[in-house]
Every structure is written in structure tokens, then in C-alpha cells.
Amino acid sequence: DAKTTQPTSMDCAEGRAANLPCNHSTISGNEYVYWYRQIHSQGPQYIIHGLKNNETNEMASLIITEDRKSSTLILPHATLRDTAVYYCIVRPASGGSYIPTFGRGTSLIVHP
Amino acid sequence: ETGVTQTPRHLVMGMTNKKSLKCEQHLGHNAMYWYKQSAKKPLELMFVYNFKEQTENNSVPSRFSPECPNSSHLFLHLHTLQPEDSALYLCASSQDPGGSYNEQFFGPGTRLTVL
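Residues numbered from 1 in each chain as written. Chains lettered and ligands numbered in written order. Predicted model: local features only at pLDDT ≥ 70, side-chain atom pairs only at ≥ 80, totals over all residues. Heavy atoms only, no water.

### A look at the environment of Ser71(A)
Residue and element names in this part refer to chain A.
Logical step 1: Following the sequence through the fold, Ser 71 ends up in strand S7 (residues 70-75).
Logical step 2: By relative accessible area, which is 2% here, Ser 71 ends up buried.
Logical step 3: Residues Ser 71 and Ala 17, 54 residues apart in the sequence, show an inter-C-alpha distance of 15 Å.
Logical step 4: Beyond its immediate chain neighbours, meaning those up to four positions away, Ser 71 contacts Leu 20, Pro 21, Cys 22, His 24, Val 33, Trp 35, Leu 62, Ile 63, Ile 64 and Cys 88.
Logical step 5: A polar atom in the side chain of Ser 71 sits 2.9 Å from the side chain of His 24. (Helix = DSSP H or I, 4+ residues; strand = E, 2+ residues; numbered from the N terminus. Buried < 20%, exposed > 50% of the residue type's maximum accessible area, 1.4 Å probe, protein only. Contact = heavy atoms within 4.5 Å. Polar contact = N/O pair within 3.5 Å; in protein donor to acceptor, adjacent residues only side chain to side chain.)

Okay, here's the thing in C-alpha cells:
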């Protein structure tokens, strides 16, 4: 059961901002939005997560809409090394055992 | 370097062989996971261990046998595999499966080829 939908692929010019959208229209009030990425043939890497406020760290910014039904991951100055598959996941904030389910994600290609 | 190591990085085995994959995490986490990633497919969860106890077995065939002797080590024992089991096997750890601090840290994976 896919709780998120993402475009299959996107491309971006090196040095420009990459904006990756994610729809999670059935998100519950206690569910966080997580982003991971997977560079070819490597393990996924955690990027960022948020509940309802926008978040920023050294890797990216996460913008969550006020109704929380969608979010955007922003890589402010994309580099060639940002070429990867980006996964958007929703998960409960706490309680019980939860296992993140990785869908097909968005394949981002950063070109020179 | 994520603090999760996996060995070997590459493994080629015949269908009658027995081999083991090893995962070790240096993060003090309590939960460890095995995932399988076949070519052009999403990650598939195989097993979850929390405090050394198996809490998830995602209908994995018995030719895959996990072992978690302590919270830092996780093994995947392989025997009589099939060619369709060829895939990237990923290990991950997290502080615990539930709770607010649940980002997973993944190892580099073992690329398995079954001949």
C-alpha cells in the first residue's frame, strides 16, 4: 500500500536547486515525513525528516505544506554526486514497531 | 561511512553452497534489519531484530536464515539458493523500530550472485 507518490524521474542542472515533490495525501497527524536517497549500488542514506514545520540541515531542506498532504525536498545547489534515487516515506512518530517501506522513489539525474 | 559495515561486499556462490553474510553496527543501536534489493525493484524488507529478538519475518523462504547474537551483529546464513536470489543484500540499523529517533543507517550491501 503506497502511502506516498513521487515522480519516477527528474533531472537538474549542476549548481541549480533540485526540488523533489512527494504527495502523501493520507498522512495521519502523528506521521513524520522522511527522506532517504540511494546512490547507485550503495545503501540508502538518511537525508532529513519533519512533522509539520519546515526543516533544514547540511544536506537539504524539507518544505511541508500546511495541510501536510505534500512535501518538497530541496537540494539547494545540486552537484553531480547528488545523482541518486530519492525516497519519500511516512512513518508514525512513536509507538509500536514500524518498518519504513521504500517505494520506487524518484531517480534524480544531475547533469553538467 | 555510516557506522554499519557488511562483509563480504561481493559474493558468488553455487546453488549447493552454504555461505553467510555479516553485518556489524558501531552505533549503539538496538534494531537491525535485512533488506533485499533485486535489479530495478524497490527494497524488500526481509527480517527485523529488536534487542536481539526477531520481530519481523516478511515471508522469507527458509533458505535464508538470520542470526542475531547481540545487538551489534547480524548474520544472514544462505543455503541452497536459487539464481533469482541474486541481489544486493542490505543491512541497516536504527535506535529502535518505534520511537521518534528511527532513521535507519544502511551498510554498503553485499552483491550476491547465485550461479
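### Some thoughts on the packing of aromatic side chains
Logical step 1: Scanning the model with the defined rule gives 12 aromatic pairs over all chains in all.
Logical step 2: Judged by centre distance (5.4 Å) and plane angle (90°), the ring pair of Tyr87(A) and Phe102(A) falls under edge-to-face. Within this pair, whereas Tyr87(A) is found in strand S8 (residues 84-92), its partner Phe102(A) is found in the loop between S8 and strand S9 (106-111), the two being separated by 15 residues in sequence.
Logical step 3: Given the relative accessible area of 3%, Phe102(A) is considered buried.
Logical step 4: Geometrically, the ring pair formed by Phe102(A) and Phe106(B) is edge-to-face, given 5.8 Å between the ring centres and 85° between the ring planes. Here Phe102(A), found in the loop between S8 and S9, pairs with Phe106(B), found in strand S10 (residues 105-106), and the two come from separate chains.
Logical step 5: Three or more aromatic residues joined by ring pairs make a cluster, and in this case those are Tyr32(A), Tyr34(A), Tyr36(A), Tyr46(A), Tyr87(A), Phe102(A), Tyr33(B), Tyr35(B) and Phe106(B). (Phe/Tyr/Trp six-rings, centres within 6.5 Å; stacked < 30°, edge-to-face > 60°.)

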